[in-house]
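Tertiary structure, described
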Amino acid sequence: MDEDVTTIHITKALSSSMIVELIEEYPNLSMITCSPSVYNRTSKTYIDALEQLDIEVEKKYNWGAKSQTEGIEFEVLKLSNDGLKPKEIAEKLNMTLNRVYYLLRKSKATFDNRKRKYNHTEIKNLKADGLSAKEISEKLDIPLRSVYYILNKK
């Protein structure tokens with residue numbers, strides 16, 4: 001007998017025996033919630049009888065698994081945008097490296113904050129200014145193959 005509970009969620013259609021059991025187990029019951037499909041399978045007579053006992057039956061959507069991240073994905077994304085590497089984020093937040101990568105993929109984070117050997121934006125800007133790949137390579141003293149790789153990268 002649990003006297004503190006005033007609201008419960010059921011997953012089966014109500015029956016007369018179930019109503020009696022619920023009232024005995026929860027004397028202060030004031031609301032029963034259930035999914036729309038369970039509500040539709042429950043007899044209107046039972047719902048009316050419960051309303052006369054001041055117990056409301058309400059449709060409530062409790063679908064899908066609840067998030068287990070508890071908002072940590074925002075902190076992971078913030079640390080990533082601040083320039084921390086995934087391994088550093090994992091150590092700082094005391095979580096696995098795979099979890100950090102999962103949360104970053106889930107938030108569609110870009111990994112443009114890592115250090116690069118060559119300045120990609122400068123190379124792309126020179127190409128936009130009309131220089132050829134060979135001219136960019138000679139001007140910045142970068143291998144031609146690297147220039148092509150950076151320009152063709154999506």
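Note that residues are indexed from 1 along each chain, following the sequence as it is written. In keeping with the predicted nature of the model, local features appear solely for residues at pLDDT of at least 70, side-chain atom pairs appear and are counted solely at 80 or more, and the whole-chain, interface and lining totals rest on all residues. In computing side-chain values, all of the structure's heavy atoms are included and hydrogens and water are not.

What follows is about the side chain of T42. Numbered from the N terminus, helices here are DSSP runs of H or I no shorter than four residues, and strands are runs of E no shorter than two. Assignment of secondary structure puts T42 in the loop between α2 (36-41) and α3 (44-52). It only takes one pair of heavy atoms within 4.5 Å for two residues to be counted as in contact. Not counting residues within four places of it along the chain, the set of residues in contact with T42 comprises A13, L14 and I47.

This paragraph deals with the pattern of salt bridges. Salt bridge, as used here: a side-chain nitrogen of Lys or Arg that lies within 4 Å of a carboxyl oxygen of Asp or Glu. Counted under the stated rule, the structure contains two salt bridges. Linking K78 and D82 is a salt bridge whose minimum nitrogen-to-oxygen distance equals 3.2 Å.

Our focus in this paragraph is the confidence of the model for the protein. What pLDDT expresses is the predictor's confidence in each residue, scored from 0 to 100. Looking at the protein as a whole, the pLDDT averages 85, with 88% of positions reaching at least 70. Across the protein, the secondary-structure element scoring lowest on mean pLDDT is helix α4 (residues 72-81), at 85, and the one scoring highest is helix α8 (residues 133-140), at 92.

Another aspect to go through is α4. Burial in α4 covers these residues: E73, V76, L79 and S80. Down the axis, α4 shows its buried residues gathered within 125° of arc, on one side only. α4 presents F74, K78 and N81 as exposed residues on the side facing more than 90 degrees away from its buried surface. Those residues of α4 that are buried lie in contact with α5 (86-93) and α6 (97-106). In the segment just after α4, G83 is the residue with positive phi, at about 105°. Under the scheme applied here, a residue whose accessible area is under 20% of the maximum for its type counts as buried, over 50% as exposed, and between as partly exposed, the area being computed with a 1.4 Å probe on protein chains only. Think of it as the arc spanned by the lines of direction from the helix axis to the C-beta atoms.

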